[in-house]
Amino acid sequence: MESKSIDWSNLSFGYRKTGINVRCKYENGKWGALTFCEDDTITMNIAATCLHYGQEVFEGLKAFKGKDGRIRIFRMRDNAERMMLSCEGIKMAQMPVELFCEAVVKLVEANRDFVPPYGYGGSLYIRPLIIGTTAKVGVSPASEYEFILFGMPVGLYFKGSKETTPFMLTRKYDRAAPLGTGTFKVGGNYAAGMVAGEEAHDLGYSAVFYLDSCEKKYIDECGAANFFGIKNNTYITPSSTSILNSITNRSLQTIAEKILGMKVEKRKVPVEELSTFEEAGACGTAAIISPIERIDDIDNGISYEFSKDGNAGPVCKKLLQHLQAIQNGDDEDRFGWITYVD
Ligand SMILES: *Cc1c(COP(=O)(O)O)cnc(C)c1O
């Protein structure tokens, strides 16, 4: 795939092969050298633990091109640290944060032509993953692992004619249990959410929100994004032992507090409280913010509406603008979130 043939103004959020991917193997108790590869396939043993017992963790982060032509990688150290927590959570070999960061920088350098130019709203989406590769049939952790890193240019995640979209809320399914793997970014959590996610799509919703799986009283998150609600100049986001600690959410909390002068509350959010929010959004690296039109509690036939005209509210817009400005360099890197690749 040649970068010259890419239509930067029509990028979707989908896989496409770029120039080079980066790999690193863990064997005999240590990580080897980074290798660079054009082939986008892998060969492994048919009994590898990732294939049978779900030993797989992943991450997602982005690099942006600024007006000044410099490439900015957003909060990669935070992704590195979270990936190692995920590895710990399902007994996989952890990688030094420095090695992860070196791999990301080298990937971006090798694929700099695939970072969308400034002004198109696009970015290079970077996907790191680690898989257990030891052949095993008995259930126990692998002793060999492979780290793989690839990138692809992406546009905006949700592309509709409206700024806001409807979401569904249901008690019919759980995604993760309170003391389970919900706080780790593991592929298995996504498999667990596919039935509910497809049901939501079939019914015309962007995604499904889960309630806490213990009491079914509090908002957890949707399959791939955290939740936040806005009221009385306050940014409110759930605390829960079964959701992922979103780096986008943390960034929005910082912007709300430090730039917009809002209060930030991280606490349990009862379902009924949805009726009191002036605005609501789902947040994650892929979409940044997906402003929510309404959340339909389909079990009870209740609809919580946040936008009457289909447009995002003023706070969602401001949060998004400030975060994008930091990411693409229109604003200064006031919180130390950027790694530059020149
Ligand atoms: C990746 C992910 C998010 C978003 O996290 P970011 O760090 O903001 O990209 C939210 N929830 C789940 C379950 C995720 O896997």
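An account of the accompanying structure is given in this report. (Residues numbered from 1 in each chain as written. Predicted model: local features only at pLDDT ≥ 70, side-chain atom pairs only at ≥ 80, totals over all residues. Heavy atoms only, no water.)

### Remarks on the site of the ligand
Alright, step 1. Surveying the vicinity of the ligand reveals 15 residues, the closest of which are K185, Y190, S246, T248 and T285.
Alright, step 2. K185 has a polar side-chain atom sitting 2.7 Å from an oxygen atom of the ligand.
Alright, step 3. Within the side chain of T248, a nitrogen or oxygen atom sits 2.6 Å from an oxygen atom of the ligand.
Alright, step 4. For the ligand, whose unbound accessible area comes to 380 Å², protein coverage reaches 97%.
Alright, step 5. Tallied by class, the residues present in the shell around the ligand amount to five nonpolar, six polar and four charged. (Near = heavy atom within 4 Å. Polar contact = N/O pair within 3.5 Å; in protein donor to acceptor, adjacent residues only side chain to side chain. Areas by Shrake-Rupley, 256 points an atom, 1.4 Å probe, with all protein chains shown as cover. Nonpolar A, V, L, I, M, F, W, Y, C, P; charged D, E, K, R; others polar.)

### Some details on the environment of R23
Alright, step 1. Tracing the chain through its elements places R23 in strand 1 (residues 21–27).
Alright, step 2. Owing to a relative accessible area of 10%, R23 belongs among the buried residues under this scheme.
Alright, step 3. When the C-alpha positions of R23 and L260 are compared, they lie 41 Å apart, and in sequence the two are 237 residues distant.
Alright, step 4. Contacts of R23, omitting those with residues within four sequence positions, involve A33, L34, T35, C37, D39, D40, T41, I42, E146 and F147. (Helix = DSSP H or I, 4+ residues; strand = E, 2+ residues; numbered from the N terminus. Buried < 20%, exposed > 50% of the residue type's maximum accessible area, 1.4 Å probe, protein only. Contact = heavy atoms within 4.5 Å.)

### Details of helix 5 (residues 194–202)
Alright, step 1. Every buried residue of helix 5 is accounted for by A196, G197, E199 and A200. All buried residues of helix 5 lie within an arc of 160° about the axis, which places them on one face of the element. Along helix 5, the residues that are exposed and aim more than 90 degrees away from the buried face are M194, V195 and D202.
Alright, step 2. The inward-facing, buried residues of helix 5 abut strand 9 (165–170) and strand 10 (208–211).
Alright, step 3. Where helix 5 terminates, the next one or two residues include G204, which has phi positive at roughly 90°. (Arc of directions from axis to C-beta.)

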